[in-house]
Amino acid sequence: MSAAPKANPVIDIHSHFFPPITRAEAAALDAQGAPWLEIRDSEHGMIMTGDQPFRPVYSALWDSARRVEEMDRSGVDIQLMSATPVMFGYRYPIVQALPWAQRMNDYALELCAHNPARLKALAQVPLQDIDAACREASRAKATGHLGVQIGNHLGSLDLDDEGLLTFLTHCANEGIPLLVHPWDMMGGEQRMKKWMLPWLVAMPAETQLGILSLIMSGAFERLPKSLKICFAHGGGSFAFLLGRVDNAWHQRDIVREDCPNPPSSYVDRFYVDSAVFDQRALSLLVDVMGEERVMLGSDYPYPLGEQQVGRLIREADFTPERQQRLLSGNAQAFFGI
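Analysis parameters
- Residues numbered from 1 in each chain as written.
- Predicted model: local features only at pLDDT ≥ 70, side-chain atom pairs only at ≥ 80, totals over all residues.
- Heavy atoms only, no water.
- Core = buried A, V, L, I, M, F, W, Y, C linked by side-chain atoms within 4.5 Å.
- Buried < 20%, exposed > 50% of the residue type's maximum accessible area, 1.4 Å probe, protein only.
- Helix = DSSP H or I, 4+ residues; strand = E, 2+ residues; numbered from the N terminus.
- Contact = heavy atoms within 4.5 Å.
- Pairing = 2+ DSSP bridges.
- Axes fitted to C-alpha atoms, helices over the stretch in contact; angles between N-to-C directions.
- Expected span 1.5 Å × (residues − 1).
- Patch = residues over 30% accessible without salt bridge, like charges linked within 9 Å, V, L, I, M, F, W, Y side chains within 5 Å.
- Areas by Shrake-Rupley, 256 points an atom, 1.4 Å probe, with all protein chains shown as cover.
- Salt bridge = Lys/Arg side-chain N within 4 Å of Asp/Glu carboxyl O.
- Phe/Tyr/Trp six-rings, centres within 6.5 Å; stacked < 30°, edge-to-face > 60°.

(A) Broad picture of the nonpolar core. By size, the foremost hydrophobic cluster in this structure holds 90 residues, and its most contacted members are Ile150, Phe167, Leu168, Leu214 and Phe270. The greatest single-element share of this core, amounting to 7 residues, is contributed by helix H3 (residues 94-112). Other than its neighbours up to four places away in sequence, Ile150 contacts Phe88, Tyr90, Val125, Leu127, Leu159, Phe167, Leu168, Leu178, Leu179, Val180 and His181.

(B) Main features of the sheet that holds strand E3 (residues 44-49). Spatially, 3 strands are ordered E2-E3-E4 in an open sheet, and the strand pairing comes out antiparallel. Because the sheet does not close on itself, it has two edges, and the strands there are strand E2 (35-39) and strand E4 (52-58). For this sheet, the mean angle separating the axes of adjacent strands, direction not counted, is 30°. For E2 and E3, the ladder comprises 5 bridges, and the chain directions are antiparallel.

(C) Representation of H3. End to end, H3 covers 27 Å across 19 residues, agreeing with the expected 27 Å (1.5 Å per residue, within 8%). Regarding H3, the residues found buried are Ala97, Leu98, Trp100, Ala101, Met104, Asn105, Tyr107, Ala108, Leu111 and Cys112.

(D) Representation of a nonpolar patch on the surface within the structure. A cluster of nonpolar side chains, Met196, Trp199, Leu200, Val201 and Leu304, forms an exposed patch at the surface whose accessible area comes to about 430 Å². Note on Leu304: relative accessible area 37%, which makes it partly exposed.

(E) Seen up close, helix H9 (residues 238-251). Between its first and last C-alpha atoms H9 spans 19 Å; for 14 residues at 1.5 Å apiece the expected length is 20 Å, and the two agree. Of all the positions in H9, only Phe238, Ala239, Leu242, Val245, Asp246 and Trp249 are classed as buried. If you follow the buried residues of H9, they end up packed against helix H7 (197-216), helix H10 (253-256) and helix H11 (279-289).

(F) Here's a closer look at the packing of aromatic side chains. Tallied over the full model, the rule gives 9 aromatic pairs. Aromatic side chains Phe88 and Tyr90 sit 4.8 Å apart centroid to centroid with 15° between the ring planes, which places their arrangement in the stacked category. A relative accessible area of 3% places Phe88 in the buried class. Assessed through its relative accessible area of 6%, Tyr90 is described here as buried. Their ring planes at 85° and their centres at 5.2 Å tell us that Tyr90 and Trp183 sit as a pair that is edge-to-face. Of this pair, Tyr90 sits in the loop between strand E5 (78-83) and H3 while Trp183 sits in the loop between strand E8 (178-181) and helix H6 (188-191), and the two are 93 residues apart along the sequence. For the pair Tyr90 and Trp183, one class covers both residues: buried. Three or more aromatic residues joined by ring pairs form one cluster here, namely Phe220, Phe231, Phe238, Tyr266 and Phe270.

As structure tokens, then:
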């Protein structure tokens, strides 16, 4: 007999997978640059983009049994898996990008089938075609995905773009939760030379840019309040710099031009995860966002993620009730788990 579900399961809403994409599969999207997985042995692999090594990885990315073993060690009951952003395929024609997204979403469900009570999936969609993205988001939800992960921008288009707002509105109306993940980081090779600076500097900035594009443009005034949208990586720089943004709103007409209310008044319109790696940062994040709008997110199984998933929240000087919200309750409500 299987164990009864826990009343307050620990839920990690931000983890990644990379399925065993073959070079032949990748070539159907782009023979020169599409991502695929070179599995080197039972433990190690390399994400490739065409002929170029992209990132060394290990088996938890594609081995569901390994993933569940590591969840057990960290005390995680349920994990939501989403695509590694290099899989998005936003730059390709829709005739190629749609079947690619559908195949990646099917891969995700295949990985979850190992233990569907504990492994859940967030879909990807071809944002370069809003109609197709809306259809795929609805199809993915109907086939078992809990929501959709999107990048924080589409080329030069931020989230306040009219097409992207159409997609966000569709998800709000269809009850499809969204996780927004930074990707394709600003700065380029000239400014972000090495030391993983794109991940350390540009990634938090990209995340904050995604949030502020919705606030400062007035998009939250037009989007349905039913929209469930969460920004990964603790919302990036947002919480720490919110005072600066509010000050600018009070002092400069150009900042208020499209945003009728102080930026801080919009924190009740979105959520963030807890991937900030520092107790002081987590305390500030919860103070700014409110304990009901922060969810456990680890960025597992990448090396810049939380290595002992949930430890930051468990060791925080929070009441048991607050810890329960961050580890479990908020995610249950947001994703309908």
